[in-house]
Amino acid sequence: MSKDIIIEHAVKRYGNLTIIPDLSAQIRNSELFTLLGPSGCGKTTLLRMIAGFNSIEGGTISFSGQVINKIPAHKRNIGMVFQDYAIFPHLTVEQNIRYGLKEHKVPKPEADARVESIMKLTKIDIYRDRLPENLSGGQQQRVALARAIAIHPDVLLMDEPLCNLDAKLRVEMRGVIRDIQKEIGITTVYVTHDQEEALAISDRIAVMNRGEIQQIASPHTIYTRPYNLFVADFIGHSGFAYAQLKGKGPVRTLDFGNGYSVEMDNIKADAPEGRVIVGIRPEEFCVSKDPSRGFKSHISKSTYLGKYVIYFVDIKGVECPKGEDDAEDVFEISQDLGTATSLLKVGDDVSFEVYPHKINVFDAASGVSLIEGTSHEE
Ligand SMILES: Nc1ncnc2c1ncn2[C@@H]1O[C@H](COP(=O)(O)OP(=O)(O)OP(=O)(O)O)[C@@H](O)[C@H]1O
Ligand SMILES: [Mg+2]
């Protein structure tokens, strides 16, 4: 039976080193919950704590109300697909799947039925008598997934299960994982450092950095309304500029200090006037209808990507965070070739405006979003 996972104030230490200082998260029953973050941020560490392979130095982890801190890994009824959790090379596909059922003492008729239905679900029934060495990487991962879910685990844990596959197969297999997870409705914690993969498959994503959760939200919210500068920078290709937030009341002014300003009607009521950092994604710019308005920009480079073009532009007169590196002053602007009426060229001087309802505004000191309705967790 699928269960929810409640993590409260979890702490992980290796000797004097604190990897996870104080982490809380509520993973809902049946959801596909992804831990996403840069290498070394503690994703595998946290997953292994849930699995019972890592000790927990503080706080609690519960499955549907039962604290599992002291329950050994093999009694937690967990299904696992880890990058290095290989299927048995000397057993056939069918024997691999049957293996866990024997361990769990599932009676033979029930086991037969389960093996059949899971091989069909994961589309590996035609390879049932093959050894893993005679399967492709994607087929092997299907076997690993089939074996993990055959035991009817309470939760499914997956650590970078697709990272050894080529790009096209990764995209195919993430769809397979998503479909199967939805079909059987099992609570799943999925670890990846690939943001596109996380956005594509998750119900909710926890973005982690240095052992701390930065934001928990749906892929759409994580992308469009990052809670802080770390999330805004880690996900997608935001450019950042300093601005002054001016005025009080429902409509405020963002003044970029280069003659361009925009009116904002979605800033938190208690946001003080002063210096802010504005995050702007490539698709949040548009060419100004009136060239005297907007960011005066110079297109220095472009990359053609088929469906759209990315322009690298220098914006005149804006001050950018991390300004010591010249590259940080270059903004990416995208043009959708499906709708664009005229193309821009390298060397062009163009004025761009931003869509005020799409850009994100952060407190310059704390890095926390000042957009109304944004929250750490949803
Ligand atoms: N057994 C250990 N002893 C000491 N430090 C460890 C141990 N295992 C992991 N760490 C440290 O804990 C931190 C988090 O590691 P972890 O493997 O959880 O990162 P990750 O987010 O999974 O990264 P990646 O995306 O590279 O897999 C790292 O700094 C790592 O060096
Ligand atoms: Mg890892």
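Residues numbered from 1 in each chain as written. Chains lettered and ligands numbered in written order. Predicted model: local features only at pLDDT ≥ 70, side-chain atom pairs only at ≥ 80, totals over all residues.

Asks: In this structure, what is going on with the overall build of the protein? I would like to understand it.
Replies: Scanning the protein for helices and strands turns up eight helices and 20 strands. For the C-alpha atoms alone, the extent of the protein along its principal axes is close to 75 × 45 × 35 Å. Going through the 378 residues of the protein one by one, you find that 38% of them count as buried. Looking at the protein alone, contacts between residues at least 24 apart form 67% of all its contacts between residues at least 6 apart. (Helix = DSSP H or I, 4+ residues; strand = E, 2+ residues; numbered from the N terminus. Buried ≥ 20, exposed ≤ 12 C-beta atoms within 10 Å, placed from the backbone. Contact = placed C-beta atoms within 7 Å.)

Asks: Help me understand the sheet that holds strand β5 (residues 66-67) in this model?
Replies: Remark on secondary structure: sheet strands pair via backbone hydrogen bonds, oriented parallel or antiparallel. Ordered by their spatial adjacency, four strands build an open sheet running β2-β1-β4-β5, and the pairing between neighbours is antiparallel. The sheet terminates laterally at β2 (17-27) and β5, the two strands that pair on one side only. Pairing analysis gives seven bridges linking strand β1 (residues 5-14) to β2, with the strands arranged antiparallel. Paired with Tyr-14 across the strands is Leu-17, a residue of β2. (Pairing = 2+ DSSP bridges.)

Asks: What should I look at first to understand the pairing of strand β13 (residues 261-264) in this one?
Replies: Taken residue by residue, a regular strand's side chains alternate between the two faces of the sheet. Pairing geometry for strand β12 (residues 252-255) and β13, over four bridges, is antiparallel. Its bridge partner lying in β13, Leu-254 is registered against Val-262. Taken together, β12 and the strand that follows it, β13, pair antiparallel across an intervening segment of five residues, in which Gly-257 is found at a positive phi of about 80°.

Asks: What is the right way to look at the site of ligand 1 in this model?
Replies: Taken together, Tyr-14, Leu-17, Ile-19, Gly-37, Ser-39, Gly-40, Cys-41, Gly-42, Lys-43, Thr-44, Thr-45 and His-193 make up all the residues around ligand 1. Taken together, the elements giving at least two residues each to the shell around ligand 1 come down to β2 and α1 (43-51). With three residues, the top contributor of residues to the shell around ligand 1 is α1. Here the shell around ligand 1 is built from residues that sort into four nonpolar, seven polar and one charged. (Near = placed C-beta within 6 Å. Nonpolar A, V, L, I, M, F, W, Y, C, P; charged D, E, K, R; others polar.)

Asks: Help me understand the nonpolar core in this model?
Replies: In globular proteins that are soluble, nonpolar side chains generally tend to be buried together. Counting residues in each nonpolar core, the largest one holds 95 residues, and the members touching the most others are Ala-146, Leu-157, Val-189, Ala-206 and Val-278. Counting contributing residues per domain, this core is built from domain 1 (5-224) and domain 2 (229-363), each supplying no fewer than three. When near neighbours in sequence (up to four residues on either side) are disregarded, Ala-206 contacts Ala-25, Phe-33, Thr-34, Leu-35, Leu-36, Ile-213 and Ile-216. (Core = buried A, V, L, I, M, F, W, Y, C linked by C-beta atoms within 7 Å. Domains from an automatic or database assignment.)

Asks: Would you mind showing me how to read the domain arrangement of the protein here?
Replies: Interface size is commonly expressed as the accessible surface area that is lost when the partners come together. Segmentation of the protein into domains returns domain 1 (5-224) and domain 2 (229-363). Contact with domain 1, which involves seven residues of that partner, is made by five residues of domain 2. Contributions of two or more residues to the side of domain 1 that touches domain 2 are made by β9 (204-209), β10 (212-217) and α7 (219-224). Among the residues forming the side of domain 1 that touches domain 2, the class breakdown is three nonpolar, four polar and no charged.

Asks: Can you walk me through the environment of Met-173 in this structure?
Replies: By secondary structure assignment, the location of Met-173 is in helix α5 (residues 167-184). The spatial distance from the C-alpha of Met-173 to the C-alpha of Arg-98 is 22 Å, given a sequence separation of 75 residues. Met-173 has contacts with Gly-138, Gln-141, Leu-162 and Leu-165, leaving out every residue within four places of it along the chain.

Asks: Looking at this structure, how should I read α5?
Replies: Side chains that are three or four residues apart share a direction in an α-helix, a result of its 3.6 residues per turn. If you check α5, its first and last C-alpha atoms are 26 Å apart, about what 18 residues at 1.5 Å a residue would give, namely 26 Å. Residues of α5 that are buried: Arg-170, Met-173, Arg-174, Ile-177, Ile-180 and Gln-181. Seen from one end, α5 has its buried residues packed into an arc of 135°, which puts them on one side. Among the exposed residues of α5, those oriented more than 90 degrees off its buried face are Lys-168, Glu-172, Gly-175, Asp-179 and Glu-183. Packing partners of the buried residues in α5 comprise β3 (32-36), α3 (108-121), α4 (137-150), β8 (187-192) and α6 (195-201). (Expected span 1.5 Å × (residues − 1). Arc of directions from axis to C-beta.)

Asks: I keep staring at the sheet that holds strand β20 (residues 360-363) and nothing clicks. Help me out?
Replies: The antiparallel open sheet is built from five strands, whose spatial order is β13-β12-β11-β14-β20. If you trace the sheet from one side to the other, it starts and ends with β13 and β20, each paired once. When strand polarity is set aside, the average angle formed by the axes of neighbouring strands in this sheet is 35°. Sheet analysis places strand β11 (residues 239-246) next to strand β14 (residues 274-280), joined by seven bridges and oriented antiparallel. Residue pairing for β14: Ala-241 is matched across the bridge by Val-278. (Axes fitted to C-alpha atoms, helices over the stretch in contact; angles between N-to-C directions.)

Asks: In this structure, what is going on with α1? I would like to understand it.
Replies: Among the residues of α1, Lys-43, Thr-45, Leu-46, Leu-47, Met-49 and Ile-50 are the ones counted as buried. Where α1 terminates, the next one or two residues include Gly-52, which has phi positive at roughly 100°.

Asks: How should unusual backbone geometry be read in this particular structure?
Replies: Glycine aside, a negative phi is what most residues show, and trans is what most peptide bonds show. The residue Asn-77 is not glycine, and still its phi comes out positive at about 50°. Within the secondary structure, Asn-77 is located in the loop between β5 and β6 (78-82). The class of Asn-77 is partly exposed, set by 16 C-beta atoms lying within 10 Å. A positive phi is found at Arg-210, a non-glycine position, where the angle reads about 50°. Along the chain, Arg-210 falls in the loop between β9 and β10. The class of Arg-210 is partly exposed, set by 15 C-beta atoms lying within 10 Å.

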